[in-house]
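Topology and contacts: notes
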Amino acid sequence: MQYATIHYKTIIRALALSGLILTPALALAEEAPANASAEATQEDIAQQQKVKARLAEIAAEEKAAKIAANGYYVERKSYGTQKETDPPRYVKQANKTWLKDFDSFADVDWLDLGLEYRVRYEHRDNDFRRPDENIDDPILLRTRAYVGIKNILDPLRLAIEVQDSRRNHGEYTREFDTRDVNQADILQGYLELNFKETFLGKDDLGNHRPIWVRAGRHAWEAIDRRLIARNEWRNTTNTFQGVRANIGDKKNDWQLELFAVKPVQRFTTRLDEVDHAQNFYGAIGDWRGLSEYVTFEPYYLLLKQDGDEVKYDANGVRLTGAALNQAKIDREIHTGGLRVYGAIPNTNFDYDASYVKQWGNQDRFLSNALGYINVDHDAHAYNAEIGYTFKHPWKPRFSVFYGIATGDKSTAVAANDRSSNQRFDRLFGFARPWSNDDYIQMENIRTPKVRLEFDPIVPYLQNVKVDTGFSWYRLDDATDRWNAGANLRDRTGNSGRDLGKEYDLRVRFPINQYASLNLGYAHFWAGDFVQDTSRRVAGQANRDDSSDFLYTELTLLGF
């Protein structure tokens, strides 16, 4: 009993010094005799209850402070779905950069500045995106710069972001390859009307519901990045021109994004142009007010293409003759979906699931002689991920993922083949994280994955992040194409559905506040479909049945 009293006095003293309980409690504890009476014991119990109550109050205060800082927003944990910020992460407010050391910039909170230079060396051995087997060692260079003005002219704001993308020392031509090359062009350039306080008032947490409207050129990411993305990994970037509007922000219990834009056609060595053949519309909602453990993202997207306006392919090549005839198709693709993500209460589990339905119609090219027929578009996709974060200093998170995007079941190209097109259209999404070596896109695919992410504590290095995973790939339909794999297709289905398996590893860490390093590796084991079709098309009976991808990426920041 004496030891317990001394131990309890120590706890009371520590709490008192921390301000958690009133100091008179310490005096009471010190006056308690070693042979405390039953009355003193009751006082001890009462005091313990007060301590517990105060600790509960502190926990509640910390939770309230967190809610006040973040509002209703909860960051998603699913792999690869974290959207690029607005403005991008490499952008800083002028008075929060090294410029603050100059008196003229010390109070400049109305100017956003960003300068980023990225160089990535890739080693690709037997790249299945190419029709032949070889070793390719390209060096990819990307430079971005951003200037934005806010606050000082409110509600009028403006921003411009430019990018220069190049590739050196590769085995393939750069003349028409807008995946890697897009020299000196505008990513973003818009005027914005921004209203911080609006007629919509405040939400239940006291956060204003702002409204902004932007007109000009845009590059942004939405939902889980699988349908609209800036393509941060790729050396070039998706851009659009038109109008975007947003009601609310991520702190609010609900948020609504609206847009009406046209995609921008990329060219390698001249200024990009608006693609007048396509119109892209959308409405994307976020509902966070039901619970801190769940966010709902319902959305509707519409892509319309006028075949008569088609002039170029994806690489900016001017189409002529038979190639132009095949590309001049009309399309109207409606996409409706619901995404749900969050955490399971009182556990270390998190989840992210979505279902996407596509419908509409599009032309199907038969031949130069037969021309086109119009068929229905009827496709869908869904994916789900469950993760568990262990209580460990390294913060390990283990996750399981499964995803499907339908393929086209049409096996013949004939005038009487009026079956619907069932190939899912990924719109303007990104290939990662479907595949770290860029072999898989969101169409005609079924894939389970397992992943492990952790932040190891390494001497002399801080904020190291490691992720690794294993994936299995199968075609959804054996008769449809493998798009990322040089559009290989076996209409008979005799090559099967097995695309292959992939192991990947990535390590990221900052060198200092202005430099960071990204190292990665992926090994791909080709399945029956890849081996059969790639060898037959390339005429290489002895083509290797696996590939290796290794890269080193250095990013430098100016601010």
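These figures come from a predicted structure and were not determined experimentally.

**Side note on the overall build of the protein chain**
Regarding its fold elements, the protein chain presents five helices and 23 strands. Taking the contacts inside the protein chain whose residues are at least 6 apart along the sequence as the reference set, 65% of them involve residues at least 24 apart. Here the protein chain displays about 27,000 Å² of accessible surface, and carbon together with sulfur accounts for 57% of that area.

**Concerning a negative patch on the surface**
Together, D306, D308, E309 and D330 make up a region of like negative charge exposed at the surface. Structurally, the position occupied by D306 is in the loop between β12 (294–305) and α4 (321–327). Given a relative accessible area of 33%, D306 falls into the partly exposed group.

**Quick notes on empty space enclosed by the protein**
Per the counting criterion, the structure on display carries five cavities of 30 Å³ or more. Of the pockets and cavities examined, the largest cavity occupies roughly 100 Å³. Around the largest cavity sit 15 residues that line it, and E122, R129, L140, R179 and D180 are the ones nearest its centre. Per-element accounting of the lining of the largest cavity gives the leading share, three residues, to strand β2 (residues 111–125). Residue composition of the lining of the largest cavity, grouped by class: three nonpolar, one polar and eleven charged. Counted as a void, the second largest cavity has a volume near 80 Å³. Taken together, Y79, R226, E385, F401, P433, W434, K449 and R451 make up the lining of the second largest cavity. Classifying every residue of the lining of the second largest cavity by side-chain character gives four nonpolar, no polar and four charged.

**Quick notes on the pattern of salt bridges**
This structure, assessed with the given rule, holds 48 salt bridges. Where R270 meets E273, a salt bridge forms, and the shortest distance between an N and an O atom there is 2.9 Å. Since its relative accessible area comes to 37%, R270 is described here as partly exposed. What makes E273 partly exposed here is its relative accessible area of 32%. Across the salt bridge formed by R446 and D476, the nearest N and O atoms sit 2.7 Å from each other. You can see R446 sitting in strand β17 (residues 445–454) and its partner D476 sitting in the loop between β18 (465–474) and β19 (481–482), a full 30 residues away along the chain. Classification of R446 as partly exposed rests on a relative accessible area of 30%.

**A word on the environment of G337**
If you trace the backbone, G337 turns up in strand β13 (residues 331–343). Separated by 20 residues in the primary sequence, G337 and K357 place their C-alpha atoms 6.1 Å from one another.

**Some points on the environment of G493**
Following the sequence through the fold, G493 ends up in the loop between β20 (488–489) and β21 (498–512). Sequence spacing of G493 and D480 is 13 residues, and the spatial spacing of their C-alpha atoms is 8.1 Å. Residues contacting G493, with those up to four places away along its chain left out, are A478 and T479.

**Notes on the packing of aromatic side chains**
Inspection of the entire model under this criterion finds 24 aromatic pairs. With a centroid separation of 5.8 Å and an interplanar angle of 5°, the aromatic rings of W98 and F559 are classed as stacked. One end of the pair, W98, is in the loop between β1 (91–93) and β2; the other, F559, is in the segment after β23 (546–557), with 461 residues separating them in the sequence. W98 sits in the partly exposed class, given a relative accessible area of 36%. A relative accessible area of 18% places F559 in the buried class. Taking the centre distance of 5.9 Å and the plane angle of 15° together, the rings of W394 and F454 count as stacked. Taken as a pair, W394 in the loop between β15 (371–389) and β16 (397–405) and F454 in strand β17 lie far apart in primary sequence, 60 residues in all. Stacked on the ring of W233, the Lys or Arg R120 has its end atom at 3.6 Å from the ring centre.

**Description of the environment of Y351**
Of note, Y351 is situated in strand β14 (residues 349–367). It is 6.2 Å that separates the C-alpha atoms of Y351 and G387, two residues lying 36 residues apart in sequence. Apart from the residues lying within four places of it in its own chain, the contact partners of Y351 are Y293, V294, V340, Y341, G342, A343, I344 and E385. Among the polar contacts made by the side chain of Y351, one reaches the main-chain carbonyl oxygen of Y293 at a distance of 2.9 Å.

Conventions adopted
- Residues numbered from 1 in each chain as written.
- Predicted model: local features only at pLDDT ≥ 70, side-chain atom pairs only at ≥ 80, totals over all residues.
- Heavy atoms only, no water.
- Helix = DSSP H or I, 4+ residues; strand = E, 2+ residues; numbered from the N terminus.
- Contact = heavy atoms within 4.5 Å.
- Areas by Shrake-Rupley, 256 points an atom, 1.4 Å probe, with all protein chains shown as cover.
- Patch = residues over 30% accessible without salt bridge, like charges linked within 9 Å, V, L, I, M, F, W, Y side chains within 5 Å.
- Salt bridge = Lys/Arg side-chain N within 4 Å of Asp/Glu carboxyl O.
- Lys, Arg positive; Asp, Glu negative; His and termini not counted.
- Charge placed at Lys NZ, Arg CZ, Asp CG, Glu CD.
- Buried < 20%, exposed > 50% of the residue type's maximum accessible area, 1.4 Å probe, protein only.
- 1 Å grid on protein atoms, 1.4 Å probe; cavity = no way out; pocket = protein on both sides within 12 Å on 5 of 7 lines; lining within 4 Å.
- Points joined across faces, edges and corners; volume = space filled by probe spheres on them.
- Nonpolar A, V, L, I, M, F, W, Y, C, P; charged D, E, K, R; others polar.
- Phe/Tyr/Trp six-rings, centres within 6.5 Å; stacked < 30°, edge-to-face > 60°.
- Lys NZ or Arg CZ within 6 Å of the ring centre and 35° of its normal.
- Polar contact = N/O pair within 3.5 Å; in protein donor to acceptor, adjacent residues only side chain to side chain.

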